[in-house]
Amino acid sequence: RSHYFWTKGKGMVVSEKKLDNLKEDGTNKSVKNIHVADCRFSRRLMNVLTANHFYTLGEVVTHTRDSLLNLHNMGRKSMDKLEDYLTRLGLVPPK
């Protein structure tokens, strides 16, 4: 199974195995299993993600940047915050 990671609106396919091997800094917890509630996102971003049934980062990274921007109430600032967080985890290449 593959997942999409986005770079400036273009999806990039990454294998399930590679996603499983990515680890959050200093823990054994797989990045894809990190709950969005544990990410300390703003209330607006949390509301957008949970209202659209995104509960883990693994669910978030299966979508392209453009599809996430099309979510109700997802603005550019929230998208930038999400991308910054995913960049720090190594899931999105730096801008």
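The structure presented is a predicted model; accordingly, all values stated were derived computationally and were not measured.

1. A few points about the nonpolar core
Turning to step 1, where the next piece is worked out: Within the largest apolar cluster, 24 residues are counted, with the highest numbers of intra-cluster contacts made by Phe41, Leu49, Leu57, Val60, Met74, Leu82 and Leu86.
Turning to step 2, where the next piece is worked out: For this core, the secondary-structure elements that each account for two or more residues are helix 2 (43-51), helix 3 (57-60), helix 4 (65-69) and helix 5 (76-88).
Turning to step 3, where the next piece is worked out: If we ignore the near neighbours within four places in the chain, the residues touching Leu57 are Val31, Lys32, Ile34, Val36, Cys39, Phe41, Tyr85, Leu86 and Leu89.

2. Notes on the confidence of the model for the protein
Turning to step 1, where the next piece is worked out: For the protein, per-residue confidence averages 76 on the pLDDT scale, and residues scoring 70 or more make up 68% of the total.
Turning to step 2, where the next piece is worked out: Strand 2 (residues 10-15) is the least confidently modelled element of the protein, averaging 42 in pLDDT, while helix 2 averages 96, the highest of any element.
Turning to step 3, where the next piece is worked out: This stretch, residues 1-18, has a pLDDT under 50; its non-local contacts, to residues over four places away or in other chains, come to 47 contacts.

3. Examining the environment of Leu57
Turning to step 1, where the next piece is worked out: Its place among the elements puts Leu57 in helix 3.
Turning to step 2, where the next piece is worked out: For Leu57, a relative accessible area of 0% corresponds to the buried category.
Turning to step 3, where the next piece is worked out: Along the backbone, Leu57 and Asn33 are 24 residues apart, and their C-alpha atoms lie at a distance of 6.4 Å.

4. Comments concerning unusual backbone geometry
Most peptide bonds take the trans form, and the phi angle of most residues other than glycine is negative.
Turning to step 1, where the next piece is worked out: For Arg40, which is not a glycine, the phi torsion comes out positive at approximately 55°.
Turning to step 2, where the next piece is worked out: Tracing the chain through its elements places Arg40 in the loop between helix 1 (16-21) and helix 2.
Turning to step 3, where the next piece is worked out: Arg40 sits in the exposed class, given a relative accessible area of 81%.
Turning to step 4, where the next piece is worked out: Backbone geometry places His53, a non-glycine residue, at a positive phi of 65°.
Turning to step 5, where the next piece is worked out: With respect to the secondary-structure elements, His53 resides in the loop between helix 2 and helix 3.

Reading the values: rules and limits
- Residues numbered from 1 in each chain as written.
- Predicted model: local features only at pLDDT ≥ 70, side-chain atom pairs only at ≥ 80, totals over all residues.
- Heavy atoms only, no water.
- Core = buried A, V, L, I, M, F, W, Y, C linked by side-chain atoms within 4.5 Å.
- Buried < 20%, exposed > 50% of the residue type's maximum accessible area, 1.4 Å probe, protein only.
- Helix = DSSP H or I, 4+ residues; strand = E, 2+ residues; numbered from the N terminus.
- Contact = heavy atoms within 4.5 Å.
- pLDDT = per-residue confidence, 0-100.

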